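Here are the chains, one letter per residue:
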Amino acid sequence: SKEPVDIKTGPTSEQTLRLAKSLGLNDDKAKQAQDTMSKLYKLFIETDATQLEINPLVETDQGDIVCVDGKLNFDDNAEYRHKDIWAHRDFAEEDSREVEADAVGLNYIGLDGEVGCMVNGAGLAMSTMDVIFLHGGTPANFLDVGGGA
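Conventions and cut-offs
- Residues numbered from 1 in each chain as written.
- Predicted model: local features only at pLDDT ≥ 70, side-chain atom pairs only at ≥ 80, totals over all residues.
- Heavy atoms only, no water.
- Helix = DSSP H or I, 4+ residues; strand = E, 2+ residues; numbered from the N terminus.
- Rg over C-alpha atoms; globule rule 2.2 N^0.38 Å.
- Buried < 20%, exposed > 50% of the residue type's maximum accessible area, 1.4 Å probe, protein only.
- Contact = heavy atoms within 4.5 Å.
- Areas by Shrake-Rupley, 256 points an atom, 1.4 Å probe, with all protein chains shown as cover.
- Salt bridge = Lys/Arg side-chain N within 4 Å of Asp/Glu carboxyl O.
- Arc of directions from axis to C-beta.
- Pairing = 2+ DSSP bridges.
- Axes fitted to C-alpha atoms, helices over the stretch in contact; angles between N-to-C directions.
- Core = buried A, V, L, I, M, F, W, Y, C linked by side-chain atoms within 4.5 Å.

A. Structural context of the overall build of the chain. The number of helices and strands found in the chain is five helices and seven strands. Ordered by position from the N terminus, the helices and strands of the chain form the series α-α-β-β-β-β-α-α-β-β-α-β. Taking 15 Å as the expected radius of gyration for a compact globule of 149 residues, we find that the chain reaches 20 Å, considerably beyond that expectation. By its C-alpha atoms, the chain is 55 × 40 × 30 Å across when sized along the principal axes. Per-residue burial for the chain yields a buried fraction of 24% across its 149 residues. Pairs at least 24 residues apart make up 48% of the contacts formed inside the chain by residues separated by at least 6 positions. Total accessible area on the chain stands at roughly 10,400 Å², and carbon and sulfur atoms take up 52% of it.

B. Broad picture of the pattern of salt bridges. Under the criterion given, the structure shown has eight salt bridges. Of the charged contacts, one joins Arg 18 and Glu 3 as a salt bridge, the two residues approaching to 2.8 Å between their closest N and O atoms. With a gap of 15 residues between them, Arg 18 in helix H1 (residues 13–22) and Glu 3 in the segment before H1 connect regions that are remote in the sequence. We note a salt bridge from Arg 89 to Asp 102, for which the minimum N-O separation is 3.8 Å. Residue Arg 89 is located in the loop between helix H3 (83–86) and helix H4 (96–103), and its partner Asp 102 is located in helix H4; the two are separated by 13 residues in the primary sequence. Salt bridges sharing partners connect three or more residues here, namely Arg 89, Glu 94 and Asp 102.

C. Here's a closer look at H1. Within the sequence span of H1, burial applies to Gln 15, Thr 16, Leu 19 and Ala 20. Buried residues along H1 cover an arc of 135° about the axis, so they all sit on one side. Contact partners of the buried residues in H1: helix H2 (27–46). Remark: Gly 24 follows H1 within two positions and exhibits a positive phi of approximately 80°.

D. View of the sheet that holds strand E6 (residues 118–119). Reading across from one edge, E5-E7-E6 is the order of the three strands in this open sheet, with mixed pairing throughout. Every interior strand has two partners, whereas the edge strands, strand E5 (107–110) and E6, have only one. Judged from the four bridges that link them, E5 and strand E7 (residues 141–144) form a sheet pairing that is antiparallel. Bridge pairing links Tyr 108 to Leu 143 in E7. Across the sheet, H4 lies against E5 and E7, angled at about 170° from E5, the strand it touches most.

E. Expanded view of the nonpolar core. Membership of the largest hydrophobic core is limited to seven residues, which are Leu 19, Ala 20, Leu 25, Ala 30, Ala 33, Met 37 and Ile 65. Of all the secondary-structure elements, those providing two or more residues to this core are H1 and H2. Look past the residues within four positions of Leu 19 in its chain and what remains in contact with it is Ser 1, Glu 3 and Met 37. In this structure, Ala 125, Met 129, Ile 132 and Phe 142 belong to the second largest nonpolar core, which totals six residues.

Structure (structure tokens):
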């Protein structure tokens, strides 16, 4: 089930209730799920997250609704606002090529193709990859060495 959320106000109680019911939850369990969803949205906004993925969300034997595992990614442009979060960055979980490029102020994205792309700006990167696809190739990466115009 999907619900459009107004980023300024967050999900309404009606929306979280619909989502809880779509998971087959009722009464107290639905209220717990609603509370969890509201807190997850607050966490997402307050930490400048770009991804917040919960899998699985479970009901325990005691009847509690719990996030068992999750994945969070954060906007690196907001690092200065969240030094406490960034202090826990685990470089071993990241592509070493991307970490190395970031250390010298470059943007590198590793892909699975066979044609390397060195570009000046994300717009040119996207256009270049489109041309590669158009001619039957697939990009191996893109290294953005500039941009910011």
